[in-house]
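Tertiary structure, described
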Protein chains: 2
Amino acid sequence: MPNDPAVLDAADPLAPYRDRFLPAADVVAYLDGNSLGRPPVATAEALDEFVRQEWGGRLIRGWTDDAIPGTGGPWTNWPERIGDRLAEVALGAAPGQTIVADSTTVLLYKLARAAVDHQLLTGRRTIVVDTADFPTDRYVLEGIAAERGATLRWIETDPAAGLTADQVAGAVDGGTALVAASHVAYRSGWLADAAAITAAAHDAGALMLWDLSHSAGSVEVALDDWGADLAVGCGYKYLNGGPGAPAFGYVRAAAQAVLRQPVQGWMGRRDPFTMGPGYDPADGIRAFVSGTPPILAMVPLRCALDELADAGIAAVRAKSMALTAYALELVDEWLVPLGAEVVSPRDPARRGGHVTIRHPAARAALDELWTRGVIPDYREPTSLRLGFAPLSTSFTEVHDGLVAVRDVLAAMH
Amino acid sequence: MPNDPAVLDAADPLAPYRDRFLPAADVVAYLDGNSLGRPPVATAEALDEFVRQEWGGRLIRGWTDDAIPGTGGPWTNWPERIGDRLAEVALGAAPGQTIVADSTTVLLYKLARAAVDHQLLTGRRTIVVDTADFPTDRYVLEGIAAERGATLRWIETDPAAGLTADQVAGAVDGGTALVAASHVAYRSGWLADAAAITAAAHDAGALMLWDLSHSAGSVEVALDDWGADLAVGCGYKYLNGGPGAPAFGYVRAAAQAVLRQPVQGWMGRRDPFTMGPGYDPADGIRAFVSGTPPILAMVPLRCALDELADAGIAAVRAKSMALTAYALELVDEWLVPLGAEVVSPRDPARRGGHVTIRHPAARAALDELWTRGVIPDYREPTSLRLGFAPLSTSFTEVHDGLVAVRDVLAAMH
């Protein structure tokens, strides 16, 4: 007999957080918080206040006014201010190394270009990446390789697992410019050993870039301890910033003066409002900002970071492991007999916040599940991806969602 | 005697629009709508509805659901949908050529790179730009020139006017790759003859890129009629999208299959959700999208476009000309005797939506004006820039603002 979800919920120290997210009237089980996190209740009110008091009330003065308590200070500094807050709450990074800006794709381009351009100076021209990495990462790196005369070295990964330090050690050499990898694999949920992979990259003199899109806000990240050089991640998954939320980027302090990103806009220039001739990069992480920061779009991120800070990432990770373990228990009990196959790691230490199963009828099942208000994600060709946002998902929701998956697959059997 | 502002307001057909924008409690005269437009009243409510109904209610389904009336359809298509709406309302462009995405700086990089990379294939390697162009444009183009082995050719412009077709004709030749220019100059307010300048660029075989940041939503733009190849512009000035709103980009239909932008992300790929190997650009303007579109941040833009469409750009431009003419009348009457100098065109056909004056005490005056709730902008070293957003500014506001400028300058005299 599987565990009783009511008992698990009763014992969950993070259970009260569920009510801090807005409900969706027709949704029985939302199992896709890893694609788009739910809005914190505070978001709607914070946006209303922002529009009326900050944008509408302060108008252009918002860019430069001294801090008004509770407003986050002058907008000009929000990329670093909210970046530092995110770094402290979820990234294991000291201040001055993180910005909120652009999209993940654009930041990835800027940071990977900075790394590759720097390494090309000493003849390093190989970018190491795995075949199961997220599409935009692969496409961006292919584009950079083509335009800079670099070469991609592909690592084939196990679809039910992911990149290992041994694989990276075997792929890097004195010609490697950059290793780019996702901390949590978007398909399998594999949680990479980031410290060991970073060390393997560094042993060969390569720079290491992490994509934290599927890990930030769900598993513990320790960029400084890993010794990571660069990182990017998206704001709309476990960071609950809303559809198309701004992304974040990290550049290790010691690398900031050495690396130069290619989109040299006014907001990354020293003394931008002199509007003088010639681009001269600002000191520190600011030089990685390009255009006018997306201030209004950062407001939901601020709300979500408050919830995450309050709960604490260690408790979030503990619940995430409990949720995926419970989901696997139900999958084994109910779905494997119906022909489903688990393609996520069994080892909780190597598993992120989602669990993926394969079933020949996955595509048809998805449509039926959505009509029942059970919302997992689907990945070509036959995978259902079940994501469990720790703060907004109850064990009962996991249970009810998997009851529906079971019933739908059984009806198709 | 200057005109009576009450009479001008009474005769203003757009006067009712002023109440469609949120008030700022302590502001007597907002003369910086060209830096940051005010929020339409509908914005706060639209964001609240978006957070609760669309993001919170539809969750991940929002990306792919069929259109629900009033919601703008599936989020996936918003870059083109809102782009097309903007194109129709304010850009003089047929559908399928405009997207809303990124920041102005990032879009400028992507589009200018696409143009320069294409032209380099035939040995064209000069980028023509004027010394008074907006800083981010100059910095981005300098960066592109440096990384692509291109050369900048600078045109010196009259600080009280701006770029002319004759100047462009004199600067281009068979080696010119790209001419980049601002439609309305950010300092002087000079309104360039875009059709003639585009023709001059084309006569030499160069591509033409317009920055519409200071013109879209304020003066008439006719990208298709001009024959422009590329355009970018920002969403937070006369388009009232809020601080750091997404930008827009235009690529002429005939050029879309030829030009290729460098930030090749998943959202610009054909069939992105197959997540397959290799980047293959989507058809049409979609290939100029890179990362996940900033959906939530487009909500305010949609509200503002409704107001602009309702008023009509011809009426907006007519009021803009009346506002700047009235401002110049007051400046001549009150400020010139106090030592102010007008550095904006006198000819209304060559003047955009703002007027700039020079005065040695401008910097100190600005601080005093802000404390009085009169909010112009300041530009180094001695300029006050007076912007008049046509939909949200009354003639009385212009009058009261200039009374304050007069009193402050007189007290310093």
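Each value, and the rule that gives it
Residues numbered from 1 in each chain as written. Chains lettered and ligands numbered in written order. Predicted model: local features only at pLDDT ≥ 70, side-chain atom pairs only at ≥ 80, totals over all residues. Least-squares fit on C-alpha atoms with pLDDT ≥ 70 in both. Contact = placed C-beta atoms within 7 Å. Pairing = 2+ DSSP bridges. Helix = DSSP H or I, 4+ residues; strand = E, 2+ residues; numbered from the N terminus. Axes fitted to C-alpha atoms, helices over the stretch in contact; angles between N-to-C directions. Left-handed = near helix turned anticlockwise from the far one by under 90°. Nonpolar A, V, L, I, M, F, W, Y, C, P; charged D, E, K, R; others polar. Buried ≥ 20, exposed ≤ 12 C-beta atoms within 10 Å, placed from the backbone. Domains from an automatic or database assignment.

So, about the relation of the copies chain A and chain B. Expressed as a screw operation, the relation of chain A to chain B combines 0.0 Å of axial shift with a rotation of 180 degrees, fitting to an RMSD of 0.0 Å. Viewed as a symmetry operation, the transformation between the two copies matches a two-fold axis. Every residue of chain A has its C-alpha some distance from the rotation axis, and the shortest such distance is that of Ala297 of chain A, at 2.7 Å. Of the interface residues in chain A, 100% have counterparts in chain B that sit at the interface too, so the contact is made through matching surfaces.

Within a sheet, adjacent strands bond to each other through the backbone by hydrogen bonds, running parallel or antiparallel. Residues and elements named next belong to chain B. Judged by pairing direction, the sheet is antiparallel, and its 4 strands sit side by side in the order 9-10-13-12 without closing on themselves. Lying at the two open borders of the sheet, with one neighbouring strand each, are strand 9 (341-342) and strand 12 (377-379). In the packing of helix 11 (residues 313-335) onto the sheet, the strands contacted are strand 9, strand 10 (354-358) and strand 13 (383-387), and the crossing angle to strand 10 comes to about 20 degrees. Relative to the sheet, helix 12 (residues 362-371) contacts strand 10, strand 12 and strand 13, its axis offset from that of strand 13 by approximately 45 degrees.

For any two helices packed against each other, the geometry is given by the interaxial angle and the distance between the axes. Residues and elements named next belong to chain A. At a minimum axis separation of 10 Å, helix 4 (residues 104-120) and helix 5 (residues 135-148) run at an interaxial angle of 35 degrees. As for how helix 4 packs across helix 5, the hand of that crossing is right-handed. Taken together, the residues of helix 5 that come into contact with helix 4 (itself represented by Thr104, Thr105, Leu108, Tyr109, Ala112, Arg113, Val116, Asp117 and Leu120) are Thr136, Asp137, Val140, Leu141, Ile144 and Arg148. Per-class residue counts for the contact of helix 4 with helix 5 are 8 nonpolar, 3 polar and 4 charged.

Our next topic: the sheet that holds strand 12 (residues 377-379) of chain A. All names here are of chain A. Read from one edge to the other, the open sheet built from 4 strands follows the order 9-10-13-12, with strand pairing classed as antiparallel. Looking at strand neighbours, the two that pair on one side only are strand 9 (341-342) and strand 12, the edges of this open sheet. Pairing between strand 9 and strand 10 (residues 354-358): 2 bridges, direction antiparallel. For Glu341, the partnering residue across the bridge sits in strand 10 and is Arg358.

A word on the interface of chain A and chain B. On the chain B side, the residues contacting the 65 residues of chain A number 65 residues. The set of elements that each furnish at least two residues to the side of chain A that touches chain B consists of helix 2 (41-58), helix 4, helix 5 and helix 10 (295-311) of chain A. For the side of chain A that touches chain B, the leading source of residues is helix 2 of chain A, giving 9 residues. Looking at side-chain class alone, the side of chain A that touches chain B contains 36 nonpolar, 18 polar and 11 charged residues.

So, about the pairing of strand 2 (residues 98-101) of chain B. Residue and element names in this part refer to chain B. Along strand 2, one buried face is formed by Thr98 and Val100 and the opposite face, lined by Ile99 and Ala101, is buried too. Inspection of the sheet shows strand 2 paired to strand 8 (residues 247-251) by 4 bridges, in the antiparallel sense. Its bridge partner lying in strand 8, Val100 is registered against Phe248.

Attention shifts here to unusual backbone geometry. Residues and elements named next belong to chain A. With an omega of -5 degrees, the peptide bond running from Glu380 to Pro381 counts as cis. Structurally, Pro381 can be placed in the loop between strand 12 and strand 13 (383-387). At Asp102, a position not held by glycine, the phi torsion is positive, near 55 degrees. Here Asp102 shows up in the loop between strand 2 (98-101) and helix 4.

When the parts of a complex come together, some accessible area is lost, and that lost area is often taken as the interface size. Residues and elements named next belong to chain A. Structurally, chain A comprises domain 1 (5-30 + 313-412) and domain 2 (49-309). Facing the 22 residues of domain 1 at the interface are 19 residues of domain 2. The element best represented in the side of domain 1 that touches domain 2 is helix 11 (residues 313-335), accounting for 5 residues. Residue classes in the side of domain 1 that touches domain 2 are distributed as 10 nonpolar, 7 polar and 5 charged.

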